Amino acid sequence: MRRLTTNPELAFGEAFMDGTFQMEEGSIYDFLELVFRNTRVEELAGIPGLARKAFGMFNRWTGYNSISKSKSNVAHHYDLNGDLYRLFLDSDSQYSCGYFENDGDSLEQAQLAKKRHIAAKMVMKPGQSVLDIGSGWGGLGLYLARHFNAKVSGVTLSEEQHGISNARVKASGFDKQVGFHLRDYRDVSEKFDRIVSVGMFEHVGLSSYDEFFGKVRDLLTDDGVMLLHYIGQSGRPSHTNPWVLKYIFPGGYMPALSEVLPVIERQGLIVTDLETLRLHYAETLRHWRQNFLARRDEAVALYDERFALMWEFYLAAAETAFRHQGLVIHQIQIAKRQEAVPLTRTYIEEAEAELRAQEAPVRAVPRQAMAKQKVGATG
């Protein structure tokens with residue numbers, strides 16, 4: 001009880017994982033939803049408030065992620081047993097926010113719409129070269145190759161994702177134009193027509209932003225365009241939850257726009273479009289959480305009960321934070337020249353319509369089918 005009252009942001013999640021905090025009625029999601037709906041973490045007072053401020057200051061002083069530190073941080077989360085992610089992700093293994101165009105969209109539909117929306121904002125032209133920074137399991141890169149004949153180079157620090165994404169490339173027949181590399185973005189030297197980064201910027205670290213956007217500037221061609229998609233804050237800057245940093249995303253940071261836009265300007269780049277996706281990630285996490293709970297026994301078999309409790313808490317806390325604590329998705333389109341993109345946003349809907357017509361109809365994939373499906377065979 002002393003730890004809960006002095007450092008609730010860390011101690012509460014640990015108590016749930018250890019089984020010393022148990023729900024007698026309802027679920028952990030119900031409890032967190034009630035708390036977060038009525039309480040903002042930045043309003044903590046007394047000893048918890050002082051602990052929060054001290055932790056935030058410490059994080060800002062130690063916010064630089066070197067290449068070796070970045071690889072270690074990535075391995076902590078993304079090099080887990082790949083079967084874990086197949087318990088709750090869509091069939092394309094998209095581990096980032098979906099884009100829910102209509103009420104009732106399935107997870108499959110939302111993740112396909114996300115790739116379509118991003119591709120449209122990239123103002124893609126046939127045969128262009130693309131750098132995918134933080135390329136995940138390869139789904140977006142293969143999408144761009146399939147629909148635009150793009151030459152895609154993806155970089156990741158996850159050995160698990162690197163192996164699976166290249167197996168997918170080989171199985172898809174795009175191995176002549178798509179390749180995924182176990183490499184830090186700072187080690188890339190080629191020029192690219194387009195750069196995309198989805199769900200990776202949260203791992204860059206606040207002290208590394210100048211380095212990141214400076215590298216983007218160097219890698220973009222003069223008429224190049226970048227689309228940056230990341231988790232951000234809708235309000236003022238706030239540090240990452242200490243429980244999340246310790247158990248889920250070490251080195252992670254979700255910035256406010258006031259921390260990102262000045263750096264882009266400082267590096268001589270232009271923001272040509274900015275969109276905030278509200279509640280799309282909450283809906284994505286709702287699907288993930290429900291899928292995970294439906295197959296929770298398999299997670300226990302892969303690891304153990306404490307690990308399953310940790311992920312149950314993580315998915316519930318993340319969803320409620322997106323609903324009530326100001327977390328959003330920022331999509332920033334960046335260029336070197338104002339003329340690199342059309343003058344009005346109508347091109348986005350037009351490109352989405354063209355892509356939608358090319359895509360095969362998407363149906364909901366039964367969870368039982370996903371259980372048997374190998375990631376390397378999708379796409």
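Everything numeric in this text was worked out from a predicted model, so none of it was measured.

I would appreciate a short explanation of the overall build of the chain in the present structure.
Across its full length, the chain holds 17 helices and 7 strands. Counting the 379 residues in the chain, one finds 56% classified as buried. Taking as baseline every contact in the chain between residues at least 6 positions apart, the subset at least 24 positions apart corresponds to 78%. Surface summary for the chain: the accessible area is close to 16,800 Å², and the carbon and sulfur share equals 53%.

Looking at this model, I keep getting lost on the confidence of the model for the chain. Mind explaining?
For residues with low pLDDT, the predicted coordinates do not support detailed interpretation. The predicted model of the chain averages 89 in pLDDT, with 86% of residues at 70 or higher. Throughout residues 363–379 the model reports pLDDT below 50, and contacts reaching past four residues in sequence, or to other chains, amount to 37 contacts.

Help me understand the environment of Q333, please; the structure alone is not making it clear to me.
Locating Q333 in the fold gives a position in strand β7 (residues 327–335). Considered as a pair, Q333 and L228 are 105 residues apart in the sequence and their alpha carbons are 6.4 Å apart. Leave out the neighbours within four places in its chain, and Q333 touches K121, V123, V225, M226, L227, I270, V271, T272, D273, V341 and Y347. At 2.7 Å, the side chain of Q333 forms a polar contact with the side chain of T272. Within the local environment of Q333, its side chain forms a polar contact with the side chain of Y347, the two groups lying 2.8 Å apart.

How should I be thinking about the side chain of E275 in this particular structure?
On the secondary structure map, E275 appears in strand β6 (residues 270–277). Side chain to side chain, E275 and K121 meet in a polar contact 2.4 Å long. Discounting chain neighbours no more than four positions away, the residues touching E275 are Y99, H117, K121, I329, H330, Q331 and R345.

In this structure, what is going on with the pattern of salt bridges? I would like to understand it.
Once their charged atoms are close, side chains differing in charge can pair, the charge on each being opposite to the other. Summed over all chains, the structure comprises 26 salt bridges. The residue E312 makes a salt bridge to R296 at a minimum N-O spacing of 3.1 Å. Taken together, the positions of E312 in helix α15 (residues 305–324) and R296 in helix α14 (residues 296–302) put the pair 16 residues apart, joining distant regions of the chain. Taking the relative accessible area as the measure of exposure, E312 reaches 16% and is therefore buried. Exposure remark for R296: the relative accessible area of 16% places this residue in the buried category. Residue E339 pairs with R337 through a salt bridge whose shortest N-O separation is 3.4 Å. A residue is classified by how much of its surface remains accessible, and R337, at 34% relative accessible area, is partly exposed. Each member of the salt-bridge network shares a partner with another, and the members are E283, R286, R289, E319 and R323.

What is the right way to read the packing of helix α2 (residues 8–18) against α15 from this model?
Helix-helix packing: each pair is described by the crossing angle between the helix axes and the interaxial distance. Relative orientation of the contacting elements α2 and α15 amounts to 140 degrees, with a least axis distance of 8 Å. Judged on the interaxial angle alone, α15 and α2 are oblique. Viewed along their axes, α2 and α15 form a crossing whose handedness is right-handed. On the side of α2, the interface is formed by F12, G13, F16, M17 and D18, while α15 contributes R306, L309, M310, E312 and F313. Residue classes in the contact of α2 with α15 are distributed as 6 nonpolar, 1 polar and 3 charged.

Just checking my understanding: could you explain the nonpolar core for this structure?
Formed by 49 residues in total, the largest nonpolar core has its most connected members in F88, Y95, W243, W288, W311 and Y314. Among the secondary structure elements, those contributing two or more residues to this core are α2, α3 (28–38), α6 (82–85), α7 (107–121), α11 (242–247), α13 (280–294), α15 and β7. The leading source of residues in this core is α15, at 12 residues. If near-sequence neighbours (up to four positions away) are discounted, Y95 is found in contact with H77, Y78, Y85, F88, L89, W137, F249, Y281, W288, W311 and Y314.

Would you take a moment to explain the environment of F100 for this structure?
With respect to the helices and strands, the residue F100 is situated in the loop between α6 and α7. Along the sequence, F100 and H280 sit 180 residues apart, while their C-alpha atoms lie 6.2 Å from each other. Setting aside residues no more than four positions away along its own chain, F100 makes contact with D105, S106, A110, H280, E283, T284 and H287.

I tried to follow the packing of α3 against α15 on my own but got confused; where do I start?
Contact pair α3 / α15: the axes reach a minimum separation of 9 Å and the direction vectors enclose 30 degrees. Overall, the two elements α3 and α15 adopt an arrangement that is roughly parallel. Read as a crossing pair, α3 and α15 show a hand that is right-handed. Along its contact with α3, which presents I28, Y29, L32, E33, F36 and R37, the element α15 presents E312, F313, A316, A317, E319, T320, A321, R323 and H324. Classifying every residue of the contact of α3 with α15 by side-chain character gives 8 nonpolar, 2 polar and 5 charged.

Honestly, the sheet that holds β7 in this entry has me stumped. Any pointers?
Picture the strands of a sheet paired through backbone hydrogen bonds; they go either parallel or antiparallel. Taken together, the 7 strands give an open sheet; going across it, the order is β3-β2-β1-β4-β5-β7-β6, and neighbouring strands pair in mixed fashion. The two strands at the open ends of the sheet, each matched to only one other strand, are β3 (178–182) and β6. This sheet shows a mean twist of 15 degrees between the axes of neighbouring strands, independent of strand direction. In the sheet, strand β4 (residues 192–198) pairs with strand β5 (residues 220–233) via 6 bridges, with the strands oriented parallel. Opposite V198, over in β5, you have H229 as the bridge partner.

What's the story with unusual backbone geometry in this structure? I'm lost.
A negative phi angle is the norm for most residues apart from glycine, just as the trans form is the norm for most peptide bonds. Look at S93: it is not a glycine, yet its phi comes out positive at around 55 degrees. Tracing the backbone through its elements, the reader meets S93 in the loop between α6 and α7.

Each value, and the rule that gives it
Residues numbered from 1 in each chain as written. Predicted model: local features only at pLDDT ≥ 70, side-chain atom pairs only at ≥ 80, totals over all residues. Heavy atoms only, no water. Helix = DSSP H or I, 4+ residues; strand = E, 2+ residues; numbered from the N terminus. Buried < 20%, exposed > 50% of the residue type's maximum accessible area, 1.4 Å probe, protein only. Contact = heavy atoms within 4.5 Å. Areas by Shrake-Rupley, 256 points an atom, 1.4 Å probe, with all protein chains shown as cover. pLDDT = per-residue confidence, 0-100. Polar contact = N/O pair within 3.5 Å; in protein donor to acceptor, adjacent residues only side chain to side chain. Salt bridge = Lys/Arg side-chain N within 4 Å of Asp/Glu carboxyl O. Axes fitted to C-alpha atoms, helices over the stretch in contact; angles between N-to-C directions. Parallel < 35°, antiparallel > 145°, perpendicular 65-115°, else oblique. Left-handed = near helix turned anticlockwise from the far one by under 90°. Nonpolar A, V, L, I, M, F, W, Y, C, P; charged D, E, K, R; others polar. Core = buried A, V, L, I, M, F, W, Y, C linked by side-chain atoms within 4.5 Å. Pairing = 2+ DSSP bridges.

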